[in-house]
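Chain by chain, the residues run as shown.
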Amino acid sequence: MRKRSKVALVLAGGGITGAVYEVGALRAINDVLDGLTVNDFDVFVGTSAGALITSLIANGFAPEEIIQLIDNRHPEIGGVGVSDVFHADIQDYFRGLLNLPRTLWQMGVSSVTHPLNFAVSDVLWELAELLPSGLYDGNSLERYVRKLLEMPGRCNRFDFLEKELYIVATELDSGNRAVFGQGGKGIVPISRAVAASSAIPILYRPVQIFGKDYVDGGLHGTASLDLAIEAGAKLVICINPMVPLNAARAFPKQHYMRDHGLQAIVNQTVRTLLHSSLRYHIKNLKVKYPDVDIILIQPEWNDERMFSNNPMYFNSRLQLAEHGFESVTSGLLENIDFYQQTLYRHGIEMHTDLVARELDVIRETSGDTQVLNEIIAHPEHLRAEFARRDGGETGETSLQESLSRLEQNLERLDDLIGS
């Protein structure tokens, strides 16, 4: 084997659904790496939702642990609640309502004096002034991430972290890209940088750090692969959950996007902008750094399931983590020759036995949600079962028996959490 190159993991933005898709994809990647996990990579770069996941991975949280958090089944921490992601300050809304009579009076006068120059968009714009600088407060997310990273064995400071971690945000007043983890920004708490990078304009209020306001890092591109390459990485693995949908493939009988309403049009537009900027970014980097290999993992163009979910939809998080695991696992196996050759150049070997057997279990159970959840959240149970079967035990152990043991383990875990 060659000496292992410096490897970077770059996670793009994509809201809640994008973050959980990335976790499922990381679980799949772990299963094909031989003697290595994503936690062993050298450089981590995160933007927006990807900032949250990279901060946990760089701190040693295994993908299955993060899935347990998503499913509220982590034995020590529990999980993540709606209030940890969406927290509204009601007082700010009431302060805005105090100005409602004055705003309505001004609009009424304007509509009477200039009736031909008054549009519905003007009404919406005037009413928007009554709203606070964001619908939700990002401090709740910051508190949750801080709680995780201040646990024993974790680290909430870039300059004390063993791994190289970079989190990208946008400085609101100047519009410049801000990279936390470099220079003077290395002393910023990681939890604060995650909140800043995830502050989607309008949805979240700007996050203030050292007197400056910061918003979503995705405004400077959904993924900053250049930071990983400048840090010395020769192999960059990027996961991007935001891909536009090819409606002709997904909806063969009704493939016009406009037929699916305003939400579909906005969704397609945002995904197209983010994905096209990422492709252009990667194209330029390949020209500038021909000795660097970039592996891009993302949903297929006809992945209607990823497209149909609102990026900030909280309730579907576990299902999309499972979808990310299953779809990325299938994609890795379908293109295994390419991935094996690319990783081998950087001193990394792959094995497919484990993922192939896991996919067999999933297909045998027709994608049963309980079995799939057990596989991705508690892989040690299924791997122990595989090892037991491979140990030459007397008699042929059926797949149904293996699934029964998985269900029993899941029930014991529920009892443990309940007690």
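Everything below is about the structure shown above.
Residues numbered from 1 in each chain as written. Predicted model: local features only at pLDDT ≥ 70, side-chain atom pairs only at ≥ 80, totals over all residues. Heavy atoms only, no water.

Enquirer: Can you help me understand the overall build of the protein in this one?
Expert: When its secondary structure is counted, the protein shows 19 helices and ten strands. Counting over 419 residues, the protein shows a buried share of 50%. Taking contacts inside the protein between residues at least 6 apart in sequence as the whole, the part at least 24 apart equals 76%. Counting every atom, the protein has about 20,200 Å² of accessible surface; 52% of that belongs to carbon and sulfur. (Helix = DSSP H or I, 4+ residues; strand = E, 2+ residues; numbered from the N terminus. Buried < 20%, exposed > 50% of the residue type's maximum accessible area, 1.4 Å probe, protein only. Contact = heavy atoms within 4.5 Å. Areas by Shrake-Rupley, 256 points an atom, 1.4 Å probe, with all protein chains shown as cover.)

Enquirer: What is the right way to read the packing of aromatic side chains from this model?
Expert: For any pair of aromatic rings, the description consists of the separation of the ring centres together with the inter-plane angle of the planes. If you walk through the whole model with that rule in mind, you get three aromatic pairs. Ring geometry for Tyr136 against Tyr204: centres 6.1 Å apart, planes inclined by 50°, an arrangement best described as tilted. With Tyr136 in strand 3 (residues 134-136) and Tyr204 in strand 6 (residues 202-204), the pair connects residues that are 68 residues apart, well separated along the chain. Here Tyr204 falls in the buried class, since its relative accessible area comes to 6%. For Arg154, the ring lying beneath its charged end belongs to Phe61, and the centroid distance is 3.8 Å. Over the ring of Phe160 we find Arg157; its NZ or CZ atom is 4.6 Å from the centre of that ring. (Phe/Tyr/Trp six-rings, centres within 6.5 Å; stacked < 30°, edge-to-face > 60°. Lys NZ or Arg CZ within 6 Å of the ring centre and 35° of its normal.)

Enquirer: Help me understand empty space enclosed by the protein, please; the structure alone is not making it clear to me.
Expert: With a probe scaled to a water molecule rolled over the atoms, the places where space remains empty come into view. Per the counting criterion, the structure on display carries three cavities of 30 Å³ or more. Contributing to the lining of the second largest cavity are Ile29, Val32, Leu33, Ile237, Ile295, Ile297, Leu332, Tyr339, Leu343 and Met350. The set of elements that each furnish at least two residues to the lining of the second largest cavity consists of helix 1 (15-32), strand 10 (293-297) and helix 15 (336-344). (1 Å grid on protein atoms, 1.4 Å probe; cavity = no way out; pocket = protein on both sides within 12 Å on 5 of 7 lines; lining within 4 Å. Points joined across faces, edges and corners; volume = space filled by probe spheres on them.)

Enquirer: Please clarify how the nonpolar core should be interpreted in this entry.
Expert: Side chains of a nonpolar character, in soluble globular proteins, are inclined to be buried together. Of all hydrophobic cores here, the largest spans 85 residues; its most connected members are Leu9, Leu26, Phe41, Ile167, Phe180 and Ile239. Ranked by the residues each element gives to this core, the list is headed by helix 1, at ten residues. Sequence-distant contacts of Phe41, defined by excluding residues within four places in its chain, comprise Val7, Ala8, Leu9, Leu33, Leu36, Lys163 and Ile237. (Core = buried A, V, L, I, M, F, W, Y, C linked by side-chain atoms within 4.5 Å.)

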